Amino acid sequence: MLELRDVSKVVSGEAHISHVSLTFAPGTLNVLLGPTLAGKTSLMRLMAGLDRPTDGSVWMEGQDVTGVPVQKRSVAMVYQQFINYPAMTVYENIASPLRVAGVDRATIDRKVQHAAELLHLTPHLRRTPLELSGGQQQRTALARAMVKEARLVLLDEPLANLDYKLREELRAELPKIFAASGAIFVYATTEPSEALLLGGHTAALSEGRVTQFGPTIELFREPADLITAQTFADPPLNTVAVEKKGAAFALDGGLVLQVPARLSGMADDAYTLGFQPHHLSFQPRTADAVSVEARVSVTEITGSESFVHLDFAGRRWVMLEEGIHRLEAGETVRVFLDTRHMLVFDSGGRRISANGALAA
Amino acid sequence: MARINLDDIRHAYMASPRGDGDFALKRVHHTFDDGGAYALLGPSGCGKTTLLNIMSGLLKPTEGKILFDGRDVTGLSTEERNIAQVFQFPVVYDTMSVRDNLAFPLRNRGVAPDEIERRVAEILEMIGLADRAGQKARGLTADDKQKIALGRGLVRSDVSAILFDEPLTVIDPHMKWVLRSQLKELHRRFAFTMVYVTHDQTEALTFADQVVVMNDGEIVQIGTPEELFERPNHTFVGYFIGSPGMNVIPVDVEGTTARIGAHRVALPGGAAIDAGARTELGVRPEHVRIGNQGIPVQIDRVEDTGRRKIVHALLDGRQIAAIVPEDAGVPAEPRVTFDAAGINLYANSWRVALGPAEEGARP
Amino acid sequence: MTKTWNNRAWFLVLPVLLLVAFNAIIPLMTVVNYSVQETFGNNLFFLEGTKWYQDVLTSSRFHASLLRQFTFTFIILAIEIPLGVAIALTMPRSGPWVSVCLVLMALPLLIPWNVVGAMWNIMALPDIGLLGYGLNKLGIPYNFTRQPFAAWFTVVLMDVWHWTSLVVLLAYAGLRSIPEAYYQAAKIDGASRWSVFRYIQLPKMNRVLTIAVLLRFMDSFMIYTEPFVLTGGGPGNATTFLSIDLVKAALGEFNLGIAAAMSIIYFLITLLVSWIFYTLMMRGDEQ
C-alpha cells in the first residue's frame, strides 16, 4: 500500500503539488489524469523518492519512507522517452536490474526469457535497442521494469511517443503483464480516453491538486466537480451558465430548460450545466428530452461518427453523433439534450447529484 | 493555391537502390486537387513524411516528377515552390517576439509593412496570442510555440499549399480540439490546399476530405473517411482505421454464404474469387450486434469506455470485438450477428466486390 | 530543486575541497602574505600595509603592461571568436569529413605551450623561417626581434593559430545541437543565410560562445609561456604582458612585495572582468 499524506511540493516559491492525499492498494492500476503541467510527473517523482516533499509524508506498507532515497525503495519507472542502455543488447538491458541486485545466472535467464515472451521481444534479444522500432524499444523498457519486480511501478506517459495503433496494442497488454506481479501501478496520461481504456482507479489532477480520486468510470460518469468533469472529457465538456427559477433553468437569450424531476429540490441560484458530447443528438432519446437551437461552425467526420462543433449561447459546443452528418457552417440546427445524463454544478463548481444534494 | 501532381514518384535514401525493398517510397502517382484537405495516414516508417518532404522540396525524389498547377517543380527549392510547412515539434525563433515570428516569412518576401501588420494582427487573433504579441517566443509553453509555428504557416496568403507534419503531437487533448476545428474553419474560409501527415486516425479522418492510407512505402487506399470506414480496400486499412480495428475472420466462401467453422454467415452478394485464394470476412466492431440470435460467442472481457462498451468475445476460438452503446447490456448466452451493410469480403487481403448473388455463384 | 538529501554526499566533495585548498587557497594566501610585507632575506619580514599596492597602482610600468595586456586580449578575442564561428559554420554537419575536420582542429590544442612558442620562433626567423623569410622575400620588411609591430603581429598570429580551434570546437558543438527542422523551417520561411545565422544559429550557440569568450579571455589575459619563448617580452618592452612583467619583478628583480601585490591586483582584475562578462551574457540569455 502506498500512501501520500497531505503532500506538498514547493519549488522556488511555486507550488507544484499542493496538499495531495492518496492511497493506492497493492495490485491496482491507478491513473493520474491531467493536462501538461498539472503535476503528474512531480507527483510521480515524490512517489518514487526522486524528490522530497516540502510538506507531508509518503508511506509504503505502513512505513514512513519520506526521507528514503529512490535507490532504497522498490520502484521501477518507465518514461515517455524510450530509455535503454544503447550499447547493451535487449537481453542485457532487461537483465540489468537483476545483475545489479546480484541475482544468479539461471534465475536471470529464466526471468528475462519470461519477460521477453510476454512483451514479444524473444526474436530481438540479441539486438541492441537502437536497431528496434519505437514500440519495441518501449517494450524493452517495460520488460526491464517488469523483471525488477518492484512493489511500485511508475509509468509516465509511456505510450505518448508511439503510433496510435501501437498504443492500442500495448495499452491492452499492459494491465495483463503487470496484473500477476501484485505491484502498485501508477500511470500518468493526458488523455481521458486512455484512462477509460485502462480502467482501474483515476486521480484527476489540476494545477497540482487532486480534484477527485476513485474508480475511473465513476469519475467519468459522476464527477465531483466541474474541473474533474472538464479534465475527464474528450471532446471537451459542453457547459452553459443558467439561472434556476422555480421549475425552469433560464439561459441567456431568453431560452428556458425544464428542470428534471430528480433535481426539483435544488434551491434557486446560478448553476452551470454540463453535457458530454455524446449526450447531444439530433433525435430525442427520451420523451422529455429538451431541445435548443445552435449554429454549426465546423463538422468533423470520422467515418462512422460526426463531431459537430456548435455555437450555442456564446459558447463553443461539440456534439458527437452516430453516422455521417454533413452540415453547412452557419446552418442552424435543433439539438436535443439528454437530461438523464446532465451534470449540474453550483456556483462553486461542485456537482449536485440529486434533489439538491452535493455529490460526495 | 495549387493543384499538386505526383508523377510516378519513387524515393530511396541510399545512393544506388536496386530492389524494391531499397525504396522508402514505392511508386506514388496521385493528384492533390487545388483547395483540397488531405491527410496522409499510416504507421511510422510507412513513407508518409518522406512523401511530404518531397512535396515541400526538402527532399528530391530519386525518380518521378512533381507538378504544381502543371508546372514541373521537381528541381525547385522549398522557397521557390512557395509552400508552408508545420513540423512535429514547435520551431520558433526564440529570440524574436511572437509578432516578429509571424512577420518573419512576410518580411523575407518583401511584403509591404502595412500589409504585414494587417496579416499578423489577423493571425494573432486567430491563434489567440494577441495579448502576448510582444513577448519573446522562448518563454512560452510547447502549446503556444506550436500555435506560433502554425501561425507562421498560415500568415502567407499566397502559398501554394500548407503541409503539416504531425503538428498536434505536443498539444494537450483539449487544445487539439480547438486547434483542429480552427484549421478546418481556415480551410473553409481560405481554401488552402492542405496536406496533413499523421499516424492518428482521428486527426486524419476529422481533418481531411480525402485520406491517403499508406503502408510500407505504398498507397493502400485513397478515400473519404466514410469509404475508408465502410469499405476498406485492404485488411490493413480495416485494421488501421477504427478503434478497435475491423474484425478479420478467415472463412470459406460457398456462393453467397461464408462458413466460419461450423457456422454460416449469409453474404449480401456473391463474388468472383480465384481458386486457392485466402478468404476472410471483414466486419467492423460497430457492425457486430450482440443479442439472442446468430452465432454463439463466449465473452472474454468488456471495456467500459464511458460513452460505449467494447466487448471482446471468442467466436469459434477467435477474438472478435463488438461495440455496444453506453446503456446496453450483454445477454447471459450471447450470440452475434453482422449487419449486412457492414460485411466485406477479402481475398488475399484485398477486398472483392460483392455483386448480385447470381454473378458470384460459380460451380 | 533538491534532488537528493543524502548527507554522505558531503564526504564525497571533501577531496575536491582539499585539492582546491592546496592548489588555490593556500598559495593565494601566501601571496597575500607577501603583498603586505617587506623582506630582505633570512626569513625576516616587516609589515608594510598597503604600500606595495600603492606603488603598483601608481607605477607607469604597471599601467603600460596592463594596457598591453588588455589590447592583446581584445585583439585576439576580436579575431578568434568570429573566426572560430566562421570556421565552425563551414564545417560539414555530417559525413566522413566530420571526424577528419575535428582531428585537424584539435591538433594545435594538443601541442605544449612552450613548443608552440619555439615553433613560431623558428617559423618567424627572418633569415630561415618560413614566415619570416617569406615576408621579406615578398618585399615586406619583417623582423620580430627588432620591430615592435612585427613582434605583436607574430604573437597575435601565434595565439590565433593555437586557440581558434577551441572556439571552433565549442561553436561546432553548439551548431550540432540544432534540430534539422529549424533549417527546414527557415528555408520555408524564405530566410536568408544571414537570417538563419542571426535567428537560429547564433541564439542556439549563445551558451557555448559565452563559455568560449570566458575561456579565451582568462587564458589570453594570463598568457605567459608562448610570448616568453617567442620574444621574451621584447623588443624593448613591446610584448611585455602583465604575467611577463610579474615574473620579471619577482624573479628578475626579486621585488617579492611588488610582485605579490601585482599578482593580487591581476587576480582581482581577471575575476572582475570575468564576472562582468558572465553576468552580461547570462542576462542576455534569459531575456
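Residues numbered from 1 in each chain as written. Chains lettered and ligands numbered in written order. Predicted model: local features only at pLDDT ≥ 70, side-chain atom pairs only at ≥ 80, totals over all residues. Heavy atoms only, no water.

Moving on, we get to the overall build of chain A. Summing up its helical and strand segments, chain A has eight helices and 21 strands in all. Counting only C-alpha atoms and orienting by the principal axes, one finds that chain A spans roughly 75 × 45 × 35 Å. Put simply, chain A has 360 residues, and 55% of those count as buried. Pairs at least 24 residues apart make up 65% of the contacts formed inside chain A by residues separated by at least 6 positions. Just so you have it, chain A exposes about 15000 Å², and 51% of that area is on carbon and sulfur atoms. (Helix = DSSP H or I, 4+ residues; strand = E, 2+ residues; numbered from the N terminus. Buried < 20%, exposed > 50% of the residue type's maximum accessible area, 1.4 Å probe, protein only. Contact = heavy atoms within 4.5 Å. Areas by Shrake-Rupley, 256 points an atom, 1.4 Å probe, with all protein chains shown as cover.)

Residues and elements named next belong to chain A. If you trace the backbone, E149 turns up in the loop between α4 (134-147) and β7 (152-156). You can call E149 exposed: its relative accessible area is 52%. Taking the C-alpha atoms as reference points, E149 and P97, 52 residues apart in sequence, are found 9.6 Å from one another.

Counting residues at the interface gives 39 residues for chain B and 46 residues for chain A. When chain B packs against chain A, the two sides together hide about 3400 Å² of surface, and 52% of this comes from carbon and sulfur. Counting the surface chain B buries against chain A, the share from its top three residues, H174(B), W177(B) and R307(B), is 20%. Between chain B and chain A we count seven salt bridges in total. Linking R326(A) and E226(B) is a salt bridge whose minimum nitrogen-to-oxygen distance equals 3.0 Å. Along the contact surface separating chain B from chain A lie 19 residue pairs in polar contact (both at pLDDT 80 or more). With eight residues, the top contributor of residues to the side of chain B that touches chain A is helix α6 (residues 173-190) of chain B. Residues that form the side of chain B that touches chain A fall into these classes: 10 nonpolar, 13 polar and 16 charged. (Buried area = accessible area lost by both parts, 1.4 Å probe. Salt bridge = Lys/Arg side-chain N within 4 Å of Asp/Glu carboxyl O. Polar contact = N/O pair within 3.5 Å; in protein donor to acceptor, adjacent residues only side chain to side chain. Nonpolar A, V, L, I, M, F, W, Y, C, P; charged D, E, K, R; others polar.)

It is worth spelling out the domain arrangement of chain A at this point. Residues and elements named next belong to chain A. If you check the domain split of chain A, you get domain 1 (2-231) and domain 2 (235-345). Taken residue by residue, the interface counts seven residues in domain 1 and seven residues in domain 2. Counting each side, the surface lost to burial between domain 1 and domain 2 is near 540 Å², with a carbon and sulfur contribution of 75%. Summed over the three residues of domain 1 that lose the most area to domain 2, namely F220, L226 and A229, the buried surface amounts to 65% of that side. In this structure, the connection of domain 1 to domain 2 is made through zero salt bridges. Counting the contacts that link domain 1 with domain 2 gives zero residue pairs in polar contact (both at pLDDT 80 or more). At the level of secondary structure, the elements contributing two or more residues to the side of domain 1 that touches domain 2 comprise α7 (216-221) and α8 (226-231). By residue number, the principal contributor to the side of domain 1 that touches domain 2 is α8, which donates three residues. Looking at the side of domain 1 that touches domain 2 residue by residue, the classes come out as four nonpolar, one polar and two charged. (Domains from an automatic or database assignment.)

Let's shift gears to the pattern of salt bridges. A complete count under the given rule lists 49 salt bridges over all chains for this structure. Put simply, R152(B) and D189(C) hold a salt bridge, and the shortest N to O gap is 2.8 Å. With R152(B) in helix α5 (residues 142-154) and D189(C) in the loop between α8 (180-188) and α9 (193-221), this residue pair bridges two chains. Judged on exposure class, the residue R152(B) and its partner D189(C) are both buried. Connected through salt bridges with shared partners, the residues R295(A), D311(A), R316(A) and E185(B) form a single ionic network.

Okay, the sheet that holds strand β3 (residues 29-33) of chain A next. Residues and elements named next belong to chain A. As summarised here, the arrangement of the six strands in space is β6-β7-β8-β3-β9-β10, forming an open sheet in which the pairing is mixed. The open sheet terminates on both sides in strands that have one partner only, identified here as β6 (75-78) and β10 (209-215). Each neighbouring strand pair of the sheet contributes to a mean axis angle of 15 degrees, computed without reference to strand direction. Bridge analysis of β7 against strand β8 (residues 184-189) gives five bridges, and the strand direction is parallel. From the neighbouring strand, L155 faces β8, where its bridge partner is Y187. Lying over the sheet, helix α1 (residues 40-48) contacts β3, β6, β7, β8 and β9 (201-206), oriented at roughly 160 degrees with respect to β7. Sitting on the sheet, α4 is in contact with β6 and β7, with an inclination near 175 degrees to β6. (Pairing = 2+ DSSP bridges. Axes fitted to C-alpha atoms, helices over the stretch in contact; angles between N-to-C directions.)

Residue and element names in this part refer to chain C. Contact geometry for helix α4 (residues 97-106) and helix α7 (residues 148-176): axes closest at 9 Å, N-to-C directions at 150 degrees. Between α4 and α7, the interaxial angle falls into the category roughly antiparallel. Residues V98, L102 and M105 of α4 lie in contact with α7, whose contacting residues are S165, V168, L169, Y172 and R176. Residues of the contact of α4 with α7, tallied by class, amount to six nonpolar, one polar and one charged. (Parallel < 35°, antiparallel > 145°, perpendicular 65-115°, else oblique.)

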